[in-house]
Amino acid sequence: MHEKAKTRKQTGTFLIEGKRELELALKGGYKLQTVLFCSELIHEDKLPYLEPSVELIQINKEVYQKLAYRDTTEGILGIAFCQSLELSDLKLPKNPLILVAESPEKPGNIGAMLRTADAAGIDAVIIADPKTDLYNPNVVRSSVGGLFTNQIATGTSAEVIAFLKHNNIAIYSATLQNSTPYFSPDYQKPTALVVGTEATGLTQIWRNASDQNIIIPMQGALDSMNVSVAAAILLFEAKRQRNFK
């Protein structure tokens, strides 16, 4: 059950752990293949509603503990079918607010950004040049269901930039070079806020494509912050300007 990315790609499935996460996945349109539950931890009548096509398997506590990543889950695991992450599948409103993250590697950071995106109620999260499988169990776990509550797409940086330009979405790249303070631009129009890795920042392609480079002024001795924290600052500034509509 602790499956690898290659296996997930071959089967088109991934693991979801926890009743709340399964409920959010179902609400987000994910289809389940199999549900395993431990009756010592959760009674069958407490399971989420499942389509008749879903295989339901009862397991004992010893087996469940070997399969589960977390000690505190409610005794339920699901094997779900992966969804398409194509840019063309995104359904955007007339005035979208989008977070773009270039090549985030740490699953915890990806999960935290998805939680922030959900909290801010933005329209989509796009991962450019992904280095980590979004259906990695650590992403699923650290997003606390945010993987299922956000519209998500992936693509190369060139593809993402072309998509944003085609849809007349302004690009604001968080980078040190030729930047203005992040609170200066007007984010009330169609906007993509772009963040890079903590180690190297955004690559040149994003600096070139940017309508305006932006920077979060640093007050201390360090010259960088966690990428998920930076994303949160930028997104909530955009939401403040939009009066949290």
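Not measured: the values here are computed from a predicted model. (Residues numbered from 1 in each chain as written. Predicted model: local features only at pLDDT ≥ 70, side-chain atom pairs only at ≥ 80, totals over all residues. Heavy atoms only, no water.)

Asks: How do you make sense of empty space enclosed by the protein when you look at a structure like this?
Replies: Here the idea is plain: a probe the size of a water molecule rolls over the atoms and shows the empty space left. Following the criterion strictly, the structure yields 1 cavity of 30 Å³ or more and no others. Roughly 70 Å³ of internal volume is contained in the largest cavity. Lining of the largest cavity is provided by Leu-15, Ile-16, Glu-17, Glu-21, Tyr-69, Arg-70, Pro-137, Val-140 and Arg-141. Elements with a minimum of two residues in the lining of the largest cavity: β1 (13-17) and α5 (137-142). Class assignment for the residues of the lining of the largest cavity results in 5 nonpolar, no polar and 4 charged. (1 Å grid on protein atoms, 1.4 Å probe; cavity = no way out; pocket = protein on both sides within 12 Å on 5 of 7 lines; lining within 4 Å. Points joined across faces, edges and corners; volume = space filled by probe spheres on them. Helix = DSSP H or I, 4+ residues; strand = E, 2+ residues; numbered from the N terminus. Nonpolar A, V, L, I, M, F, W, Y, C, P; charged D, E, K, R; others polar.)

Asks: How do you make sense of the sheet that holds strand β3 (residues 55-59) when you look at a structure like this?
Replies: Sheet strands associate in pairs through backbone hydrogen bonding, adopting either a parallel or an antiparallel arrangement. Read across the open sheet, the 4 strands follow the order β1-β4-β2-β3; overall the sheet is mixed. In this open sheet, the two edge strands, each paired with only one partner strand, are β1 and β3. Each adjacent strand pair in this sheet contributes to an overall mean axis angle of 20°, direction not counted. For strand β2 (residues 32-38) and strand β4 (residues 76-81), the ladder comprises 5 bridges, and the chain directions are antiparallel. Bridging from a neighbouring strand, Leu-36 pairs with Leu-77 of β4. (Pairing = 2+ DSSP bridges. Axes fitted to C-alpha atoms, helices over the stretch in contact; angles between N-to-C directions.)

Asks: Looking at this model, I keep getting lost on the sheet that holds strand β7 (residues 152-155). Mind explaining?
Replies: Within the open sheet, the 7 strands sit side by side as β7-β6-β5-β10-β8-β11-β9. Their pairing is parallel. Every interior strand has two partners, whereas the edge strands, β7 and β9 (179-181), have only one. Put simply, the sheet's adjacent strands are angled 30° from each other on average, direction ignored. In this sheet, strand β10 (residues 191-195) lies alongside strand β5 (residues 97-102) in parallel orientation, the contact comprising 5 bridges. By the bridge assignment, Ala-101 is partnered in β10 with Val-195.

Asks: Just checking my understanding: could you explain the side chain of Asn-136 for this structure?
Replies: Examined against the element boundaries, Asn-136 turns out to sit in the loop between β6 (124-128) and α5. Beyond its immediate chain neighbours, meaning those up to four positions away, Asn-136 contacts Arg-8 and Pro-107. (Contact = heavy atoms within 4.5 Å.)

Asks: Got a minute to help me understand the nonpolar core in this structure?
Replies: One broad rule of soluble globular proteins: the nonpolar side chains tend to lie buried together. Ranked by size, the top nonpolar core spans 47 residues in total, and within it Phe-14 and Leu-193 carry the most contacts. The element that contributes the greatest number of residues to this core is helix α9 (residues 227-241), accounting for 6 residues. Within the second largest apolar cluster, 19 residues are counted, among which are Leu-90, Ile-126, Ala-192 and Leu-202. (Core = buried A, V, L, I, M, F, W, Y, C linked by side-chain atoms within 4.5 Å. Buried < 20%, exposed > 50% of the residue type's maximum accessible area, 1.4 Å probe, protein only.)

Asks: In this structure, what is going on with the layout of surface pockets? I would like to understand it.
Replies: Its boundaries defined by the atoms lining it, the largest pocket holds a volume of some 520 Å³. In terms of lining residues, the largest pocket is bounded by 22 residues, among which Ala-174, Leu-176, Gly-201, Asp-223 and Ser-224 are the most central. Mapped by element, the contributors of at least two residues to the lining of the largest pocket are β11 (212-215) and α9. In terms of residue class, the lining of the largest pocket is built from 12 nonpolar, 7 polar and 3 charged. The volume enclosed by the second largest pocket comes to roughly 190 Å³. Every residue lining the second largest pocket is counted, 15 residues in all, and those nearest its centre are Gln-83, Ser-84, Asn-150, Gln-151 and Ile-152. Looking at the lining of the second largest pocket, its residues break down into 7 nonpolar, 5 polar and 3 charged.

Asks: Before we go on, may I ask you to explain the packing of helix α4 (residues 107-120) against α9 in this structure?
Replies: Each pair of packed helices gets described by two things: the angle between the helix axes and the distance between those axes. Contact pair α4 / α9: the axes reach a minimum separation of 9 Å and the direction vectors enclose 15°. Compared by their axis directions, α4 and α9 come out roughly parallel. In the crossing of α4 with α9, the sense of the turn from one axis to the other is right-handed. Between α4, through Asn-109, Ala-112, Met-113, Thr-116, Ala-117, Ala-119 and Ala-120, and α9, the contact on the second element is made entirely by Val-227, Ser-228, Ala-231, Ala-232, Leu-235, Phe-236 and Lys-239. Across the contact of α4 with α9, the residue classes break down as 10 nonpolar, 3 polar and 1 charged. (Parallel < 35°, antiparallel > 145°, perpendicular 65-115°, else oblique. Left-handed = near helix turned anticlockwise from the far one by under 90°.)

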